[in-house]
Amino acid sequence: MASTGESETQPRGGLHRLLSIFAEVKPREVFSVLVLTLNVFLLLTGYYLLKVVREPLILAGGGLEIGGQKLDLDGPEVKAYAAAGQALLLVGVVRAYGAMARRFGRMQLTTALTLFFAGNLVLFHFLARLGVPLGVPFYLWVGCFNLTVIAQFWSFANDVYDPEQGKRLFAIVGIGSSLGAMLGAQIAKRIYVPIGPYNMMLVAAGVLLVCLWLTYLVHRDDLARPGGVEAKADAPPGGASGGFKIIARDRYLLLIAGLTLVLNWVNSTGEYILDRTLIESATSALAPADAPRDGAQPRDGAPGASEPASPNADPAAPLAAGAPVYLVDPQASRLLEGKITAVKGGAFDVEAGGKVVEGAEKGLVHPHTEEGKKKALGAVIGTFKGDFFYWVNTLGVLVQLFLVSRIFKYLGVRFALFILPTIALLGYASLAVLPALAVVRVAKIAENSADYSIQNTARQALFLPVGRDAKYSAKAAIDTFVVRAGDVLAAIGVIVGHLLALSTRHFAMINIALALAWLAVVAGIAREHRRRTADEAETPEDAKAA
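Residues numbered from 1 in each chain as written. Predicted model: local features only at pLDDT ≥ 70, side-chain atom pairs only at ≥ 80, totals over all residues. Heavy atoms only, no water.

Asker: Just to check I follow, could you spell out the overall build of the chain for this structure?
Answerer: Secondary structure assignment for the chain yields 16 helices and seven strands. Looking at the chain as a whole, 51% of its 546 residues are labelled buried. Considering only contacts in the chain between residues 6 or more positions apart, those separated by 24 or more positions represent 77%. Of the roughly 24,300 Å² of accessible surface on the chain, 63% is carried by carbon and sulfur atoms. (Helix = DSSP H or I, 4+ residues; strand = E, 2+ residues; numbered from the N terminus. Buried < 20%, exposed > 50% of the residue type's maximum accessible area, 1.4 Å probe, protein only. Contact = heavy atoms within 4.5 Å. Areas by Shrake-Rupley, 256 points an atom, 1.4 Å probe, with all protein chains shown as cover.)

Right, dumping it as structure tokens:
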């Protein structure tokens with residue numbers, strides 16, 4: 001499957017010269033690397049379409065009923081339940097995938113998997129039209145879909161390229177993944193209102209079919225290469241054993257599983273720290289629920305403001321001069337309590353925080369009611385997260401474009417694996433000293449952007465020197481079940497932390513300990529990877545000597 005020296009003598013075209021800016025690409029590899037990059041871009045775009053559809057479905061009621069009563073699964077609780085539910089589902093998914101990988105060739109396997117998920121989306125579309133509650137089932141399904149389909153893509157890419165090619169070309173393929181993550185959400189945001197959530201399911205199904213066609217093009221191109229072996233490509237790649245059994249008897253794969261587990265444990269705990277710090281910062285300027293303000297006497301159910309927030313107040317009541325309100329301060333990511341001093345069309349002058357804010361838009365000013373407080377808090381979270389995701393994805397794309405290939409070329413895959421745990425260790429150490437929103441924001445932007453670029457590409461490259469059964473069955477088990485197992489451990493940690501009343505500093509210290517364990521696992525992987533790649537490098541030389 002590797003390209004030969006013949007490919008290096010082919011003329012350089014415009015696309016070849018463009019790709020060479022980001023990584024070393026041989027002329028014969030231009031087609032496959034471009035199609036694979038487009039493929040993973042579309043996969044991530046389709047995932048974000050479904051992710052945007054998922055949120056209102058789960059938040060609108062969850063679609064789960066017991067005894068005729070809908071369960072209100074929300075916040076950390078829904079994360080814990082969903083992570084546990086997905087982990088249990090993925091045990092069955094991994095076993096089913098392993099059974100298919102033992103029977104079908106790689107193209108048959110990809111076709112069956114893609115058509116299965118595309119058919120599911122069509123079914124979900126019609127069930128939604130019939131009024132069937134889909135919140136929780138669709139939420140669980142999206143989690144399984146994302147991990148399984150992305151794992152299958154990278155298994156295919158690992159099968160198409162040999163270790164030498166993967167080290168060079170995965171940096172470019174990863175650009176498609178980063179761009180898909182960055183642009184997918186924006187595309188979903190723009191089409192959500194015009195076509196609606198249920199039609200977006202059909203769009204995502206169509207995207208999956210396009211991805212299947214792109215996979216076939218690369219498969220056909222691989223067979224046409226010098227040295228391409230059709231019998232090998234069509235042979236079932238799963239081997240005789242299931243994914244879990246393959247992992248259990250291979251130290252290298254066990255270490256990769258450990259890396260994946262700890263990585264997701266640290267990341268999910270870090271997301272909780274970010275959310276917790278954001279909420280604390282957003283509400284820090286509000287008076288306690290039982291404290292009077294400006295000499296006013298607190299009333300039952302009052303939030304401590306001079307005019308209490310009433311749960312029975314009409315949230316649709318017009319905002320007028322003198323009305324008590326919540327004011328969103330997006331720059332500081334916090335809520336302020338104040339009152340309207342003047343109404344100017346659709347904007348308001350608000351006295352809050354010891355000063356008058358002129359021309360505040362209605363989306364930043366909310367009535368001093370319980371419903372108004374929820375909407376104002378949602379506005380703070382939305383503006384913060386929008387800015388946060390923008391910087392994570394933008395930085396991730398820049399790193400993927402200009403740094404990843406150079407890190408791989410000059411420092412190697414093994415060095416790249418140490419970068420993310422080092423960033424995490426420094427970030428959470430800083431947070432343990434100063435648990436402020438600005439600190440956790442910078443730390444998580446650095447961590448997530450490195451995860452989506454350097455770490456993702458390096459982790460996929462770890463499977464280049466393993467057998468085909470490990471590239472499909474074992475990789476599917478690691479990229480699905482083990483990922484969700486890390487989320488489950490993080491959720492358990494959050495629940496225990498609540499029971500023990502742990503502070504943000506305590507959670508940061510837990511992540512420091514996990515980051516140190518992470519570095520130890522990476523050191524073990526580096527030793528095994530060095531041995532395996534050395535063996536791979538010796539094989540051609542031995543053949544020539546013979």
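Asker: Even after reading the chapter, I still don't get the environment of Ala332, so can you show me in this structure?
Answerer: Mapped onto the elements of the fold, Ala332 is located in the loop between strand E3 (324–329) and strand E4 (334–344). Exposure remark for Ala332: the relative accessible area of 34% places this residue in the partly exposed category.

Asker: Sorry, what's going on with the side chain of Arg168 here?
Answerer: Looking at the secondary structure, you find Arg168 in helix H6 (residues 163–195). Reaching out from Arg168, the side chain makes a polar contact with the side chain of Glu29 at a distance of 2.7 Å. If near-sequence neighbours (up to four positions away) are discounted, Arg168 is found in contact with Ala23, Glu24, Val25, Lys26 and Glu29. (Polar contact = N/O pair within 3.5 Å; in protein donor to acceptor, adjacent residues only side chain to side chain.)

Asker: Looking at this structure, how should I read the side chain of Thr260?
Answerer: Structurally, Thr260 is set in helix H10 (residues 251–283). Overall, the relative accessible area of 1% leaves Thr260 in the buried class. Those residues in contact with Thr260 that sit more than four places away from it in its chain are Arg459, Ile478, Val482 and Val483.

Asker: Could you clarify how one ought to interpret the packing of helix H4 (residues 106–129) against helix H5 (residues 135–160) in this entry?
Answerer: The contact between H4 and H5 brings their axes to 11 Å, and the two run at 160 degrees. It follows that H4 is roughly antiparallel to H5 by the angle criterion. Both H4 and H5 take part in a crossing whose hand is left-handed. Where H4 approaches H5, its residues Arg106, Leu109, Thr110, Leu113, Phe117, Asn120, Leu121 and Phe124 are matched on the opposing element by Phe138, Trp141, Phe145, Thr148, Val149, Gln152, Phe156, Asp159 and Val160. Of the residues belonging to the contact of H4 with H5, the class tally is eleven nonpolar, four polar and two charged. (Axes fitted to C-alpha atoms, helices over the stretch in contact; angles between N-to-C directions. Parallel < 35°, antiparallel > 145°, perpendicular 65-115°, else oblique. Left-handed = near helix turned anticlockwise from the far one by under 90°. Nonpolar A, V, L, I, M, F, W, Y, C, P; charged D, E, K, R; others polar.)

Asker: Would you take a moment to explain the pattern of salt bridges for this structure?
Answerer: Where charged atoms of side chains with opposite charge meet at close range, the side chains can pair. Taken as a whole and judged by the stated rule, the model has 15 salt bridges. Where Glu164 meets Arg168, a salt bridge forms, and the shortest distance between an N and an O atom there is 2.6 Å. Of this pair, Glu164 and Arg168 are both found in helix H6, four residues apart, which corresponds to roughly one turn of the helix. A salt bridge links Lys444 to Glu271, with the shortest nitrogen-to-oxygen separation between them at 3.4 Å. Of the two residues, Lys444 sits in helix H14 (residues 437–461) while Glu271 sits in helix H10, which places them 173 residues apart along the sequence. The pair Lys444 / Glu271 is uniform in exposure class, with both members buried. Here the salt bridges share partners, and the residues they tie into one network are Glu29, Glu164 and Arg168. (Salt bridge = Lys/Arg side-chain N within 4 Å of Asp/Glu carboxyl O.)

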